[in-house]
Amino acid sequence: MTTFVRYVKTQAMAKTVLVSGGAGYIGSHVTVELISAGYEVVVADNMSNCDMTCFEGVKKITGRNDIPFYQIDCCDYAAVTRLFDENRIDAVIHFAAFKAVGESVAEPIMYYRNNLVSFLNILEAAKTHGGCNVLFSSSATVYGEAEVLPVTEQTPRLPATSPYGNTKQMCEDILRDVVLATATSEGPVKGIALRYFNPIGAHPSALIGELPRGVPNNLVPFITQTAIGKRECLSIFGNDYDTEDGTCLRDYIDIVDLAKAHVAAVSRMVDGRMKEGYEIFNVGTGRPVSVYELVTAFEKVNGLKLNYKFAPRRPGDVVAIWADTRLANDELGWKAERSVEDTLASAWAWERHLAGK
Ligand code: UDP
């Protein structure tokens, strides 16, 4: 017979945050920052896209061996409910989703089912357990090829160009609707969507970082894997764009800075400082950096030469996107701090750590 314990919290107890997808790249950095800010964290992950490397790293960095870990799939509603029954959850940060654009085009059913059902289950459990604060990890991909730069949170979203991008837009809308529908109910849900620009880098300890499976799609893991010798040559996709050096412009945000934005957003929710039931914030640096600039900065800060070549444009890439970060700066009291050089040094330290060098 299973008995469920309902935890009754007193005021003095630390708030508990459920991090779904907490063993992954962003989730592990967020878990570290939440714990160092005094939160209790419960991690849920189905381990479909990671191994225990980062979760073990989180335990080492925080000195906490007792972080509750549920190896569950958030698409399994019974498992999600059990987790909420066993823990008094004050806020959820939802990362548990598939994230490869190309794969989503090939496998749309898998992407829609996974990314939507897991989020719906989290929301339903939040609602039926007396309400909760929910932070959704969204993406700058919702802006598409914006006409005016930098983009603000008011910049219109453009139709998504992949099922992955579409799930980000749909989950934002689902969260907004659930917040509205539950506002006066016994299970009110409040929500924040954070729209990330390009998260890069690793924790300064080099104990956690990005661990892509197979050939990396993203620029920085491809750079570090080329530098370590796992890949022969980096292709810079397109040098004939209408930018100063012809390569695309992005807003590369340090992973630890990004993680701190989550702590600021969670505090805003649990401390009752939200101005609306549903809010959106851009999380970037506000500075555009070209692919070529990033590559040369990587070479310079790490004192090495990277084998790269210019290659044709990658289908689906936008020319340029960067964030207007004023809302996050003013409302969350958060600002990106780490320089791109320090971030690139941390990415290289992590790659060497993985290689045992
Ligand atoms: N990029 C590149 N070579 C690679 C991977 C990426 O030149 O091997 C470029 C890509 O075309 C884009 C930028 O790097 O201009 C950032 O791409 P990434 O996939 O990291 O993030 P995205 O902005 O597409 O989400």
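It should be noted that the structure appears before, not after, this text.
Report on the accompanying structure. Computed from a prediction, not measured in an experiment: that's the story for all the values here.

Cut-offs and rules
Residues numbered from 1 in each chain as written. Predicted model: local features only at pLDDT ≥ 70, side-chain atom pairs only at ≥ 80, totals over all residues. Heavy atoms only, no water. Pairing = 2+ DSSP bridges. Helix = DSSP H or I, 4+ residues; strand = E, 2+ residues; numbered from the N terminus. Contact = heavy atoms within 4.5 Å. Axes fitted to C-alpha atoms, helices over the stretch in contact; angles between N-to-C directions. 1 Å grid on protein atoms, 1.4 Å probe; cavity = no way out; pocket = protein on both sides within 12 Å on 5 of 7 lines; lining within 4 Å. Points joined across faces, edges and corners; volume = space filled by probe spheres on them. Nonpolar A, V, L, I, M, F, W, Y, C, P; charged D, E, K, R; others polar. Buried < 20%, exposed > 50% of the residue type's maximum accessible area, 1.4 Å probe, protein only. Salt bridge = Lys/Arg side-chain N within 4 Å of Asp/Glu carboxyl O.

Our focus in this paragraph is the sheet that holds strand β6 (residues 189-196). Taken together, seven strands build an open sheet; the order of strands is β3-β2-β1-β4-β5-β6-β11 and the sheet is parallel. Strands with a single pairing partner mark the edges of an open sheet, and in this sheet they are β3 (69-70) and β11 (278-283). Of the pairings in the sheet, the one linking strand β1 (residues 16-20) to strand β4 (residues 91-94) comprises four bridges and is parallel in character. The residue of β4 that forms the bridge with L18 is V92. Packing of helix α5 (residues 108-128) onto the sheet brings it into contact with β1, β4, β5 (132-139) and β6, and relative to β5 it is tilted by some 165 degrees. The strands touched by helix α8 (residues 255-270) within the sheet are β1, β4, β5, β6 and β11, with β6 carrying the most contacts at an inclination of about 160 degrees.

Of the voids in this model, the second largest pocket is the one considered here, and its volume is about 290 Å³. Broken down by secondary-structure element, the contributors of at least two residues to the lining of the second largest pocket are α6 (163-182), β11 and α10 (326-332). With four residues, β11 is the single largest residue contributor to the lining of the second largest pocket. Looking at side-chain class alone, the lining of the second largest pocket contains six nonpolar, two polar and seven charged residues.

Turning our eyes to something else, we now look at unusual backbone geometry. The omega torsion across L149 and P150 is -5 degrees, close enough to zero to call that bond cis. Phi angles above zero are rare outside glycine, and M47 is one such case at about 60 degrees. Position of M47 among the secondary structure elements: in the loop between β2 (40-44) and α2 (53-62). With relative accessibility at 12%, the residue M47 sits in the buried group. In the Ramachandran plot, A206 falls in the positive-phi region, its phi being about 65 degrees despite a non-glycine side chain. Tracing the sequence through the fold places A206 in the loop between β7 (198-200) and α7 (219-228). For A206, a relative accessible area of 10% gives the class buried.

Turning next to the pattern of salt bridges. A full pass over the atoms with the stated rule returns 20 salt bridges. A salt bridge links K59 to E56; the nearest nitrogen and oxygen atoms lie 3.5 Å apart. Of the two residues, K59 and E56 are both situated in helix α2; the distance of three residues between them amounts to about one turn of the helix. Residue class for K59 comes out buried when judged on its relative accessible area of 17%. Assessed through its relative accessible area of 38%, E56 is described here as partly exposed. E299 is the salt-bridge partner of K305, the closest N and O atoms lying 3.6 Å from each other. The exposure class of E299 is buried, given its relative accessible area of 8%. Here the salt bridges do not stand alone but share partners, grouping R157, E172, D173, R176, D177 and R195 into one network.

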